[in-house]
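The lines below spell out each chain.
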Amino acid sequence: MDLGSPVSSELTLDVTCTPRNRANLRRLKTNSVQSFQRWEKENELLYAMIEDETAWLAKLFTEIIITPDFFFYALEDGTLLCKLANYIQEMADTYGQKHNTHVPGKKIKFKESKRGHRESKLFHSRENVQKFLTWCRWHDIPEAILFESNDVVLVDECRTGGREIVICLMEIARRVIKYEIKQVPKLIQLEQEIDEEEANDSE
């Protein structure tokens, strides 16, 4: 190293430019590598939740290709969200009939993504997401963790809302497990096991 040469004031950081890095960089207020590293460190749990939810959705809907790297892109037209809502609603309705009890909500109609003009696709995508959010409200998902339709639809343009999407899906799974739905994220299964152990210990 040449000690006589001036030291650059800019720190060069080596970050692997994976698809997930690029996708998540778009959700930051800034595109600096330093901000991304700080964001990534603070959100290790969020990454774990994304991986957990990816595995969950992939098991429920085998016809859909979804990976952690492209998690948000798999949701952007709202179709998968609506399919998830209808799956849960069907399970909830079955539970209600079995136990002769009222369950909130109803299945929602949505439009599958098709080739066409961008504006037309965006319109139908926003409509799908809005229907999903309405379904969430029927099931008393708190407004504080709901997201905006653009957070889902405009993956590349919107840099906020990613956290809310992930947390919202996990909260949905947490709340609907009471309908005897066995296919839930592993994190929710773990929470349920801990609750059962604590209940047994208190007896």
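Residues numbered from 1 in each chain as written. Predicted model: local features only at pLDDT ≥ 70, side-chain atom pairs only at ≥ 80, totals over all residues. Heavy atoms only, no water.

Lay out the confidence of the model for the chain with the relevant residues and their values.
Mean pLDDT over the chain stands at 81; residues scoring 70 or higher make up 74%. No element of the chain has a lower mean pLDDT than helix α1 (residues 19-25), at 47, and none a higher one than helix α5 (residues 79-99), at 97. Of the regions scoring below 50 in pLDDT, residues 1-22 engages in 18 contacts with residues more than four places distant in sequence or in other chains. Throughout residues 24-31 the model reports pLDDT below 50, and contacts reaching past four residues in sequence, or to other chains, amount to 30 contacts. (pLDDT = per-residue confidence, 0-100. Helix = DSSP H or I, 4+ residues; strand = E, 2+ residues; numbered from the N terminus. Contact = heavy atoms within 4.5 Å.)

Report on the packing of α5 against helix α6 (residues 118-138), specifying residues and quantitative values.
Where α5 meets α6, the axes come as close as 8 Å, and the angle between the chain directions of the two elements is 30°. In this view, α5 runs roughly parallel relative to α6, as classed from their interaxial angle. In the packing of α5 onto α6, the handedness of the crossing is left-handed. Contacts from T79, L81, C82, A85, I88 and Q89 of α5 reach α6 at N128, F132 and W135. A per-class count over the contact of α5 with α6 returns six nonpolar, three polar and no charged. (Axes fitted to C-alpha atoms, helices over the stretch in contact; angles between N-to-C directions. Parallel < 35°, antiparallel > 145°, perpendicular 65-115°, else oblique. Left-handed = near helix turned anticlockwise from the far one by under 90°. Nonpolar A, V, L, I, M, F, W, Y, C, P; charged D, E, K, R; others polar.)

Lay out the environment of E180 in plain terms, naming residues and giving numbers.
Positionally, E180 belongs in the loop between α8 (162-176) and α9 (186-202). On the basis of relative accessible area, E180 is assigned to the partly exposed category, the value being 41%. E180 sits 86 residues away from T94 along the chain, and the two C-alpha atoms are 9.6 Å apart. In this structure E180 touches M91, Y95, K98 and H99, once residues within four positions along its chain are discounted. Among the polar contacts made by the side chain of E180, one reaches the side chain of K98 at a distance of 3.5 Å. (Buried < 20%, exposed > 50% of the residue type's maximum accessible area, 1.4 Å probe, protein only. Polar contact = N/O pair within 3.5 Å; in protein donor to acceptor, adjacent residues only side chain to side chain.)

Lay out unusual backbone geometry in plain terms, naming residues and giving numbers.
Backbone geometry places N100, a non-glycine residue, at a positive phi of 50°. Turning to its location among the elements, N100 is positioned in the loop between α5 and α6. Given the relative accessible area of 74%, N100 is considered exposed. Phi is positive for D140, close to 60°, though the residue is something other than glycine. One can find D140 in the loop between α6 and α7 (149-153).

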